Amino acid sequence: MRKFHIHTFGCQMNERDSERIAAWLSRAGHVPAADEARADLIIINTCSIRKKAEDKVYSLLGRLEKDKRSRPDMILAVAGCVAEQEGENLLRRFPGLNLVFGTHQVGRVAALVEKARAGERVSLVGSLPDADRLEGYRPFHRAPGVSTFVTIMEGCDNWCSYCVVPALRGRELCRPPEEIANEIKSLVETGYREFTLIGQNVNSYRCGNGFSFPGLLRLAAGISGVGRLRFATSHPKDLSPDLIRAFAEIPNLARHIHLPAQSGSNRVLAAMNRRYTREDYLEKVERLRTACPGIAITTDIIIGFPGEEESDFRQTLDLLEEVRFDGSFSFVYSPRPGTRAADLAGPVEGGEGRRRLKIFQDRQDEITLELNQALVGRVHEVLIEGINPRPQTRQAASLTGRDSGNKIVHFPGSPDLIRKITPVRITEAAIHSLRGTIENNLVSS
Ligand code: 5AD
Ligand code: SF4
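As the structure is a computational prediction, the values presented were derived from the model and not from experiment.

Once that is clear, we can look at the packing of helix H1 (residues 12–27) against helix H5 (residues 109–117). One can describe the packing of H1 onto H5 by two numbers: an axis separation of 8 Å at closest approach and a directional angle of 65°. In terms of axis orientation, H1 runs roughly perpendicular to H5. The residues of H5 that touch H1, namely those facing Ile21, Trp24 and Leu25, are Val109, Ala110 and Val113. Of the residues contributing to the contact of H1 with H5, the split by class is six nonpolar, no polar and no charged.

Rendered as structure tokens:
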């Protein structure tokens, strides 16, 4: 039997793409290997959002190429964003590599692997007609679980000046609502309770006769068995009043939004081609909080974008103070090949970028801890996802789940409760997780 193993780097889109690759391979008779050493096909699904992500791919590829010397029958493949970016260059650079396939080729993986098995060194990248891109989403199957991602659209038309995504994932393409609904229904039947609708910019979802993202949320939330709905990622410029209203109106929509601000400086936001101002961003935050008091807000921040002065950085810190994000992902700017920002003057020197990053992250940690500590004593609805892999006490089984604001909560309880949404009283708070106790026996579906 053919056995495969997939290494996945990068974002939620990539995680879901790896599941799709696995589903297409399974259809063609391949099975997942128990571990990498037993696989005769190894696929690296790659990310190139920052140079560091790309470097990780190259070091793994180097290691696997060496392993291959003692396992000559093993097929080695690279998929995802680095594949799309580099194409045949990868075959030239890594003589042990058999196959390179880009972000649009997921549905063809089984046929490409057959070609590679027949001895050809294959590279297939570039765009496809919409119907073929959509076809790649046909198998809904994935390993069983409680919470899962459902891709509703792929690609991005925004062209933020620092970002490789539009060049590597193509233009925006939305999956039809009925397909998305069918996928969710079939996953409910296999036991999933929480669905995160994903795309590079989900707010710009639009299908055919004007079916918009809030409409899709209402459709998905109404499917019987959907305990909780999330979405990611939103672009502030497209956060519409209708979407903000959805938080007040849809009871099973999680009270959390990931809303990447990227910077608090209008000068930097303009150079990033973000098409909103700091004031626009703050206004949207206020509206969200009015419609949905207590909503958790998280963000992405890029530090050290070309031309970022100390005063611009201070404005980003100031935005953090004004919004008090529940959490953030922050990165030092990394120039990416082919992007507009790669040619901009005034790059911030690496050491200075790291200094600013540390200041930002330290302050974010303090704020996250303060916000989490303020939750102690409150009762939150937690969707129980599984057993806590690292329990502090051995007395009782320790369960783990997430509250509506996407915070991780650990608490003692019976594994029978997995998949249930349960009220938990928060008793302790740390930066990355909360602890609590089940409030009573009132357990809903
Ligand atoms: N350098 C640093 N961070 C980047 N991101 C995207 N491109 C870059 C880059 N060139 C960050 C943004 C985005 C997140 C997914 O990655 O903050 O929201
Ligand atoms: Fe990249 Fe901007 Fe598109 Fe996000 S919205 S994927 S940051 S270009």
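Now that the structure has been shown, we can carry on.
As a further point, take the packing of helix H13 (residues 310–323) against helix H14 (residues 350–373). At a closest axis distance of 10 Å, the pairing of H13 and H14 adopts a crossing angle of 15°. Judged by the angle between their axes, H13 and H14 are roughly parallel. Read as a crossing pair, H13 and H14 show a hand that is right-handed. Counted together, Glu310, Phe313, Arg314, Thr316, Leu317, Leu320 and Glu321 of H13 and Glu352, Arg355, Arg356, Ile359, Phe360, Arg363, Gln364 and Ile367 of H14 form the full contact between these two elements.

Our focus in this paragraph is the site of ligand 1. Within the structure, ligand 1 sits among Ile49, Arg50, Tyr162, Gln262, Asp300, Ile302, Phe331, Val332, Tyr333, Ser334 and Arg336. The contact in question runs from a nitrogen atom of ligand 1 to an N or O atom on the backbone of Tyr162, over 3.0 Å. Across the complex, the protein chains shield 86% of the 400 Å² of accessible surface that ligand 1 would expose by itself. Sorting the residues of the shell around ligand 1 by element identifies strand E15 (296–303) and strand E16 (327–332) as the ones contributing at least two each. Class assignment of the residues belonging to the shell around ligand 1 gives a composition of six nonpolar, two polar and three charged.

Bringing H1 into the picture now. In an α-helix, one turn spans 3.6 residues; hence positions three or four apart end up facing the same way. Its 16 residues place the ends of H1 23 Å apart at the C-alpha level, agreeing with the 22 Å of an ideal helix rising 1.5 Å per residue. When we look at burial in H1, the residues that qualify are Met13, Asn14, Arg16, Asp17, Ser18, Arg20, Ile21, Ala23, Trp24 and Leu25. Where H1 terminates, the next one or two residues include Gly29, which has phi positive at roughly 95°.

As a matter of local geometry, ligand 2 sits amid Cys156, Asn158, Trp159, Cys160, Tyr162, Cys163, Val165, Pro166, Gln200, His235 and Arg274. Class assignment for the residues of the shell around ligand 2 results in seven nonpolar, three polar and one charged.

A few words on the sheet that holds E15. Across a sheet, paired strands are connected by hydrogen bonds in the backbone, their directions being either parallel or antiparallel. Spatially, E14-E15-E16 is the arrangement adopted by the three strands of the open sheet, whose pairing is parallel. Each of the sheet's edge strands pairs with one partner strand only, and the pair in question is strand E14 (256–258) and E16. Each neighbouring strand pair of the sheet contributes to a mean axis angle of 10°, computed without reference to strand direction. The sheet contact formed by E15 and E16 spans six bridges and is parallel. Bridging across to E16, Thr298 finds its partner in Gly327.

Turning next to the pattern of salt bridges. Following the criterion strictly, the structure yields 42 salt bridges and no others. The partner of Arg402 in a salt bridge is Glu385, with the nearest N and O atoms 3.8 Å apart. Here Glu385 lies in strand E17 (residues 379–387) and Arg402 lies in strand E18 (residues 398–403), a separation of 17 residues in the sequence. Classification of Arg402 as partly exposed rests on a relative accessible area of 26%. Beyond isolated ion pairs, a larger network of salt bridges with shared partners links Arg16, Glu19, Glu135, Arg138, Arg142, Arg175, Glu179 and Glu183.

Turning next to the pairing of strand E13 (residues 228–232). For a regular strand, side chains alternate in direction, first toward one face of the sheet and then toward the other. Among the five residues that make up E13, five are buried, leaving the element largely enclosed by the rest of the structure. Of the two faces of E13, the one holding Arg228, Arg230 and Ala232 and the one holding Leu229 and Phe231 are both buried throughout. Alignment of strand E10 (residues 194–198) against E13, held across five bridges, turns out to be parallel. Opposite Thr196, over in E13, you have Arg230 as the bridge partner.

Where burial is concerned, most of E15 is hidden: eight out of the eight residues are buried. In E15, alternate side chains face the same way, and those of Ala296, Thr298, Asp300 and Ile302 on one face and Ile297, Thr299, Ile301 and Ile303 on the other are all buried. Where E14 lies against E15, three bridges are found, and the strand directions are parallel. Bridge pairing in E15 places His258 opposite Thr298. Considered for its hand, the β-α-β crossover made up of E15, H13 and E16 is right-handed.

This next bit is on the domain arrangement of the protein. Here the protein is partitioned into domain 1 (3–128), domain 2 (139–254), domain 3 (278–374) and domain 4 (379–438). A separation of 25 Å is found between the C-alpha centroids of domain 2 and domain 3. In this complex, domain 2 contributes 12 residues to the contact, which on the side of domain 3 involves 15 residues. Summing both sides of the interface, domain 2 and domain 3 together bury roughly 1,200 Å²; the carbon and sulfur share of this comes to 74%. Ranking the residues of domain 2 by area buried against domain 3 places Ser161, Tyr162 and Ile244 at the top, with a combined share of 47%. In this assembly, domain 2 and domain 3 are joined by zero salt bridges. Where domain 2 packs against domain 3, one counts four residue pairs in polar contact (both at pLDDT 80 or more).

What counts as what
- Residues numbered from 1 in each chain as written.
- Chains lettered and ligands numbered in written order.
- Predicted model: local features only at pLDDT ≥ 70, side-chain atom pairs only at ≥ 80, totals over all residues.
- Heavy atoms only, no water.
- Axes fitted to C-alpha atoms, helices over the stretch in contact; angles between N-to-C directions.
- Helix = DSSP H or I, 4+ residues; strand = E, 2+ residues; numbered from the N terminus.
- Parallel < 35°, antiparallel > 145°, perpendicular 65-115°, else oblique.
- Contact = heavy atoms within 4.5 Å.
- Nonpolar A, V, L, I, M, F, W, Y, C, P; charged D, E, K, R; others polar.
- Left-handed = near helix turned anticlockwise from the far one by under 90°.
- Near = heavy atom within 4 Å.
- Polar contact = N/O pair within 3.5 Å; in protein donor to acceptor, adjacent residues only side chain to side chain.
- Areas by Shrake-Rupley, 256 points an atom, 1.4 Å probe, with all protein chains shown as cover.
- Expected span 1.5 Å × (residues − 1).
- Buried < 20%, exposed > 50% of the residue type's maximum accessible area, 1.4 Å probe, protein only.
- Pairing = 2+ DSSP bridges.
- Salt bridge = Lys/Arg side-chain N within 4 Å of Asp/Glu carboxyl O.
- Right-handed = clockwise from strand over helix to strand, strands pointing away.
- Domains from an automatic or database assignment.
- Buried area = accessible area lost by both parts, 1.4 Å probe.

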